[in-house]
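# Residue-level structural notes
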Amino acid sequence: MGGLQPWHWLIVIAVFVLLFGAKKLPDAARSLGKSMRIFKSEIKEMQAESHSDSTEPAKPITSERVDTPAPEQTSDKRPA
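Residues numbered from 1 in each chain as written. Predicted model: local features only at pLDDT ≥ 70, side-chain atom pairs only at ≥ 80, totals over all residues. Heavy atoms only, no water.

Put simply, the rule is: UniProt positions are given in the numbering used here, feature names are shortened, and annotations may be inferred rather than shown by experiment.
Identification of the protein as Sec-independent protein translocase protein TatA from Mycolicibacterium canariasense is taken from an unreviewed UniProt entry. The UniProt entry for the protein carries this comment under Subcellular location (unreviewed entry): "Cell membrane". What UniProt states about the protein under its Subunit (unreviewed entry) heading is, verbatim, "The Tat system comprises two distinct complexes: a TatABC complex, containing multiple copies of TatA, TatB and TatC subunits, and a separate TatA complex, containing only TatA subunits. Substrates initially bind to the TatABC complex, which probably triggers association of the separate TatA complex to form the active translocon."

### A few points about the pattern of salt bridges
Heads up, the rule is: Should a side-chain nitrogen of Lys or Arg be within 4 Å of a carboxyl oxygen of Asp or Glu, the pair is scored as a salt bridge. Strands here mean DSSP runs of E at least two residues long; helices mean DSSP runs of H or I at least four residues long; both are numbered from the N terminus.
Inspection of the entire model under this criterion finds one salt bridge. With its nearest N and O atoms 2.8 Å apart, the salt bridge here joins aspartate 27 to arginine 30. Of this pair, aspartate 27 and arginine 30 both sit in helix α1 (residues 6-55), three residues apart, roughly one helical turn.

### Section: the packing of aromatic side chains
Formally: The pairing test for Phe, Tyr and Trp rings, Trp by its six-membered ring, is centres within 6.5 Å, and the orientation test on the planes gives stacked under 30 degrees, edge-to-face over 60, and tilted for anything in between. Buried residues are those whose accessible area, probed at 1.4 Å on protein chains only, stays under 20% of the maximum for their type, while exposed residues exceed 50% and partly exposed ones sit between those limits.
What the rule picks out here adds up to one aromatic pair. Ring geometry for phenylalanine 16 against phenylalanine 20: centres 5.9 Å apart, planes inclined by 15°, an arrangement best described as stacked. Of this pair, phenylalanine 16 and phenylalanine 20 both sit in helix α1, four residues apart, roughly one helical turn. Residue classification places phenylalanine 20 among the partly exposed positions, given a relative accessible area of 44%.

Next comes the structure, spelled out in structure tokens:
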């Protein structure tokens, strides 16, 4: 109990073939493999960046906000 026996796998495979058809299954497996390769390469790239960042000294984060001078207050003097 708890594990799938060989005849369970046969039923699962038969259901997939009936649902998706034998023609679409290789394409689905190919696209899944391609997606996994892309995912792995992105993970490796992120790890490489984190390792290279850890060797450099930490830089302070600069603010993206641009301080603009406050608008001049105008008095509401109307000509008489």
